[in-house]
Amino acid sequence: MTTNSRQVATPASPGRIPGTDLPRRQAWARKTPQQILAGLRPGHADPMRVLETLIELFNMQHTARQKTVSHKTRQERAQFLRRFLRDLQRKAGFHTVPDPRNLGQKHLQAIVQVWQAERLAPATIQTYLSFLRGLASWLGKPGFVREPAHYGLRLDEYQRHEYAQRDKSWGAQGLDVEAVLAQVAEFDARVAASLRLMHTLALRRKESVTFRPFEHVVPFAQTGLPSDLRKADEYVWVKGKGGRVRWLPLETPQQRTAVALARSLVSGQDAHMGHPAHSLKQNLRRLDYALEKFGITKRQAGATGHGLRHGNLNDFYEALARVPSPVRAGGSVDAAVDRAARLAVSERAGHARMRASSAYIGPVRSMRGNNSPRASG
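The structure reproduced in this document is the subject of the present report. (Residues numbered from 1 in each chain as written. Predicted model: local features only at pLDDT ≥ 70, side-chain atom pairs only at ≥ 80, totals over all residues. Heavy atoms only, no water.)

**Comments concerning the sheet that holds strand 1 (residues 217-219)**
In sheet architecture, strand pairing relies on hydrogen bonds along the backbone and comes in two forms, parallel and antiparallel. The antiparallel open sheet is built from three strands, whose spatial order is 1-2-3. Whereas interior strands pair on both sides, the edge strands pair on one side only; in this sheet they are strand 1 and strand 3 (245-249). Looking at each pair of strands side by side, their axes are set apart by 35° on average, direction ignored. (Pairing = 2+ DSSP bridges. Helix = DSSP H or I, 4+ residues; strand = E, 2+ residues; numbered from the N terminus. Axes fitted to C-alpha atoms, helices over the stretch in contact; angles between N-to-C directions.)

**Overview of the pairing of strand 3**
Counted residue by residue, strand 3 has four buried out of five residues, so it is predominantly covered. Alignment of strand 2 (residues 234-239) against strand 3, held across five bridges, turns out to be antiparallel. Across the sheet, Val 238 pairs through a bridge with Arg 246, a residue of strand 3. A loop of five residues connects strand 2 with strand 3, the two strands running antiparallel in sequence, and Gly 242 in this loop sits at a positive phi of about 70°. (Buried < 20%, exposed > 50% of the residue type's maximum accessible area, 1.4 Å probe, protein only.)

**Digging into helix 9 (residues 189-201)**
Spanning 13 residues, helix 9 covers 18 Å between terminal C-alpha atoms, matching the ideal 18 Å at 1.5 Å per step. Counting buried residues in helix 9 gives eleven out of 13 residues, a clear majority hidden from the surface. Of all the positions in helix 9, only Arg 190, Val 191, Ala 192, Ala 193, Ser 194, Leu 195, Arg 196, Leu 197, Met 198, Thr 200 and Leu 201 are classed as buried. Among the residues of helix 9, the N-terminal cap falls to Asp 188, whose side-chain oxygen and the backbone nitrogen of Arg 190 are separated by 3.0 Å. After helix 9 finishes, the residue Ala 202 shows a positive phi value of roughly 60°. (Expected span 1.5 Å × (residues − 1). Polar contact = N/O pair within 3.5 Å; in protein donor to acceptor, adjacent residues only side chain to side chain.)

**Observations concerning helix 14 (residues 306-321)**
For helix 14, which comprises 16 residues, the first-to-last C-alpha distance of 23 Å matches the rise-based estimate of 22 Å (1.5 Å per residue) to within 8%. Downstream of helix 14 by a residue or two, Arg 322 has a phi angle that is positive, lying close to 70°.

**A word on the nonpolar core**
If you look at the biggest cluster of nonpolar residues, it comprises 38 residues, and the most contacted ones within it are Phe 80, Phe 84, Leu 85, Trp 115 and Leu 132. Of all the secondary structure elements, the ones that give two or more residues to this core are helix 2 (33-38), helix 3 (47-58), helix 4 (71-90), helix 5 (105-117) and helix 6 (122-138). Per element, the largest residue contribution to this core is eight residues, and it comes from helix 6. Ignoring any residue separated from it by four or fewer positions in sequence, one finds Leu 132 in contact with Phe 80, Leu 81, Phe 84, Leu 108, Trp 115 and Val 145. Grouped together as the second largest cluster of nonpolar side chains are 36 residues, Leu 195, Leu 197, Val 259 and Leu 291 included. (Core = buried A, V, L, I, M, F, W, Y, C linked by side-chain atoms within 4.5 Å. Contact = heavy atoms within 4.5 Å.)

**A few points about the environment of Leu 201**
Within the secondary structure layout, Leu 201 lies in helix 9. As a C-alpha pair, Leu 201 and Val 236 span 35 residues in sequence and 9.0 Å in three-dimensional space. Apart from residues lying up to four places away in sequence, Leu 201 is in contact with Val 236, Leu 248, Leu 250, Gln 255, Asn 312 and Arg 348.

**Some remarks on unusual backbone geometry**
Backbone geometry places Arg 119, a non-glycine residue, at a positive phi of 55°. Looking at where Arg 119 falls in the secondary structure, it is placed in the loop between helix 5 and helix 6. Overall, Arg 119 belongs to the exposed group, its relative accessible area being 74%. A positive phi angle, near 70°, is found at Arg 322, a position not held by glycine. For Arg 322, the position within the fold is in the loop between helix 14 and strand 4 (333-334).

**Details of the packing of aromatic side chains**
Taken as a whole, this structure holds nine aromatic pairs when the rule is applied. Seen from their ring centres, Phe 80 and Phe 131 are 5.8 Å apart, and the 40° between their planes marks the pair as tilted. Of this pair, Phe 80 sits in helix 4 while Phe 131 sits in helix 6, placing them 51 residues apart in sequence. Using a relative accessible area of 9% as the deciding quantity, one classes Phe 131 as buried. Ring geometry for Trp 115 against Tyr 128: centres 5.4 Å apart, planes inclined by 55°, an arrangement best described as tilted. Of this pair, Trp 115 sits in helix 5 while Tyr 128 is found in helix 6, placing the two residues 13 residues apart along the sequence. For the residue pair Trp 115 and Tyr 128, the accessibility class agrees, reading buried in each case. (Phe/Tyr/Trp six-rings, centres within 6.5 Å; stacked < 30°, edge-to-face > 60°.)

**What about the pattern of salt bridges?**
In this structure the tally under the stated criterion is 16 salt bridges. Notably, a salt bridge pairs Lys 72 with Glu 76, separated by 2.9 Å at the nearest N-O pair. Pair noted here: Lys 72 and Glu 76 are both in helix 4, with a separation of four residues, about one helical turn. Note on Lys 72: relative accessible area 42%, which makes it partly exposed. You can call Glu 76 partly exposed: its relative accessible area is 32%. Three or more residues joined by partner-sharing salt bridges are found here, namely Asp 167, Asp 315, Glu 318 and Arg 328. (Salt bridge = Lys/Arg side-chain N within 4 Å of Asp/Glu carboxyl O.)

**Section: the environment of Gly 134**
If you trace the backbone, Gly 134 turns up in helix 6. Considered as a pair, Gly 134 and Asn 59 are 75 residues apart in the sequence and their alpha carbons are 8.5 Å apart.

So, in structure tokens, the structure goes:
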């Protein structure tokens, strides 16, 4: 791939989460994880200290793949595991906090009952079970965390919907995007510009805040994409979840205007959209606060900032398929047309699988033609 090293090199994060990239301790040099943990004798070592050691040793690792996980995942997994151990004593009825190495099925059964009583969302329970599988893998216990049904969970308690059941865009909730962005701009122009990038390019909130409007926009020739895929003179470089990079063509006047506005607000050629004096966490919180201030929450408006991304992707599908998306009550469409549109939606959204498009535009519906694609892609 031919690239400009200055413009497309992975930039430093505008505010890392503290404590997620600690160097390996000097005292652990040339020791295996097993040797390190052997120094913390079960029944003698503080269980929370054992957990912190496990987190320090393994939390960068993906549960199922040979790769590292994002800083966000590391933080959320560590926070959950600390809370999980404490909740076994606080909420699940155990007299003491157990050593992670001594966890048994009775502990998992008890904590699942706590989650059921608290009516946690299916997606939350799935995430928590995934974190516990990660802990089990660190301890060399694959298969320790069993299927949700083993713990008495009903299908509706742990199975999340993989497709959108309603249109989550701002327009579908009766919100005037331009009017809201104008209000937000009077409060914080940077936040409004980030929201406009979400609206025109389908960026995630973190992607919009970390976007660098000079460094991340390059001529087509510098993308390394095949010439027959050229759709615009300039492309936006986005690094999304899992480090996955995607290129977004600046095809419309609205997209180019959004980038121009972003450039007018940043302080330098390598600046990102967040306030330069604030961490990533602070900048994300500022964006969330602005949305709350103007009533853009699920409770008040039936929509969140993520609805801008949903709106863009549903509009994009309709432009490609020439019919509204399933969540917008569109009619039947040729199978090949639907598949091509779904692939394009998934690519714009930064997903590797076609079925990810269903989370935005709805499930695959009845098709015209003989080769209807499977919803799983």
